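# Architecture and fold: a report
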Amino acid sequence: MTDLGELRDLALVAAREAGELLLHGRPAHLTYETKSTATDVVTDMDRASEALLVNRLLGQRPDDGVIGEEGASRASTTGITWVLDPIDGTVSYLYGQPMWAVSVAAEDELGGAVGVVHVPALGETYVGVRGAGSVRINSQGEQSLFRSDAVALSMAMVGTGFGYDSNRRRAQARVLLEVLPKFRDIRRPGAASIDMCWVADGRLDGYYERGLSHWDYAASSIICREAGVSVLGLNDAPPNSDMIICAVPSCVQELHDILAQARANED
Ligand code: LIP
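Sequence order as written defines the numbering, with residues in each chain counted from 1. At least 70 in pLDDT is required for a residue's local features to be given in this predicted model, at least 80 for side-chain atom pairs to be given and counted, and no such filter applies to totals for whole chains, interfaces and linings, which use all residues. Here the side-chain values reflect all heavy atoms present in the structure, with hydrogen atoms and water set aside.

## Concerning the pattern of salt bridges
- Each salt bridge in this description consists of a side-chain nitrogen of Lys or Arg and a carboxyl oxygen of Asp or Glu lying within 4 Å of one another. What the rule picks out here adds up to 16 salt bridges.
- Residues Asp201 and Arg136 are paired through a salt bridge, measuring 3.0 Å at the closest nitrogen-oxygen approach. With Asp201 in helix α5 (residues 192-201) and Arg136 in strand β9 (residues 133-138), this pair connects stretches of sequence that are 65 residues apart.
- With its nearest N and O atoms 3.2 Å apart, the salt bridge here joins Asp185 to Arg187.
- Note on Asp185: relative accessible area 31%, which makes it partly exposed.
- Three exposure classes are used, based on accessible area relative to the maximum for each residue type with a 1.4 Å probe and protein chains only: buried under 20%, partly exposed in between, and exposed over 50%. On the accessibility criterion, Arg187 (37% relative accessible area) is partly exposed.
- What you see here is one network of salt bridges that share partners, running through Glu124, Arg136, Asp201 and Arg203. In this description a helix means any DSSP run of H or I spanning at least four residues, a strand means any run of E spanning at least two, and both kinds are numbered starting from the N terminus.

Below is the structure:
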């Protein structure tokens, strides 16, 4: 049986090294290419970060599998697969904003085992280990995370994000029109992994987004669940590219139902 503490330590080291590279190794002129649309970009630093993560993780555990946003792909013979987003929030990174993260998850036959979301520009790191809880580490030290507070949806601060495709964005704006009056307010910080960690640590009460990939939420899902935050998809589905919802237990069902209704109205 794999020692989850060992995976945690390795993920933490790798994510911090990638964060150092991204924060201090960023060239004056960042070069990038476009992906799915003209606004969906991959920078040279996304690729450099992914290469560093893969080398670090497989250097230590050569038989593990890897799935990375920028193309890293390798089958596992150990039962452990690393799911990597080398820069979650690439557009924020491109603009020199602080809301981007390195996201590293280890998954096994039971699903998410270890998640690390490192936010270099804020000097904060979130870590979750299945069965062992979640923490936020920053200059104040290490803080355990657990959401047991009861928040009504009408008083909830809810995060969301928007995709890169203009038709998708139009549909997301229509949903926003319906849901916005039902919350305290909405935030769009810019990186799904950070939004979700912020639900775990109380800076948001809920979050939803359509159109994400597994690497966007693999690590933060573990951190959320270990912090008592529900993570789900629509209508009993697990979180997926169609929809991910995460929220404190007191308002997750209502948030789900509003989003399910908004989706039904789209059809
Ligand atoms: C981003 C997400 C963000 C979403 C963007 C994009 P990327 O990930 O974190 O929440 O709104 O469309 O998917 O592309 O920077 O890794």
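Having seen the structure, we can now continue with the description.
## Some remarks on the site of the ligand
- Throughout this document, a residue counts as near a molecule or strand when at least one of its heavy atoms sits within 4 Å of that molecule or strand. In the vicinity of the ligand, 17 residues are found, and the nearest of them are Asp88, Gly89, Thr90, Ala192 and Glu209.
- We define a polar contact as two N or O atoms separated by no more than 3.5 Å, with the added condition that, inside protein, one atom must be a possible hydrogen donor and the other a possible acceptor, whereas residues neighbouring each other in sequence contribute only through side-chain atom pairs. Tyr164 has a polar side-chain atom sitting 3.0 Å from an oxygen atom of the ligand.
- Throughout, the Shrake-Rupley method with a 1.4 Å probe supplies accessible areas, and for residues the shown protein chains are the sole cover considered. Contact with the protein chains hides 94% of the accessible area of the ligand, taken as 380 Å² for the molecule alone.
- For the shell around the ligand, the element with the highest residue contribution is strand β5 (residues 81-88), accounting for three residues.
- Split by domain, the shell around the ligand shows at least three residues from each of two domains, domain 1 (4-145) and domain 2 (153-266). Each domain's limits were defined by an automated method or a database of domain assignments.

These values are about where atoms sit, not about what they do.
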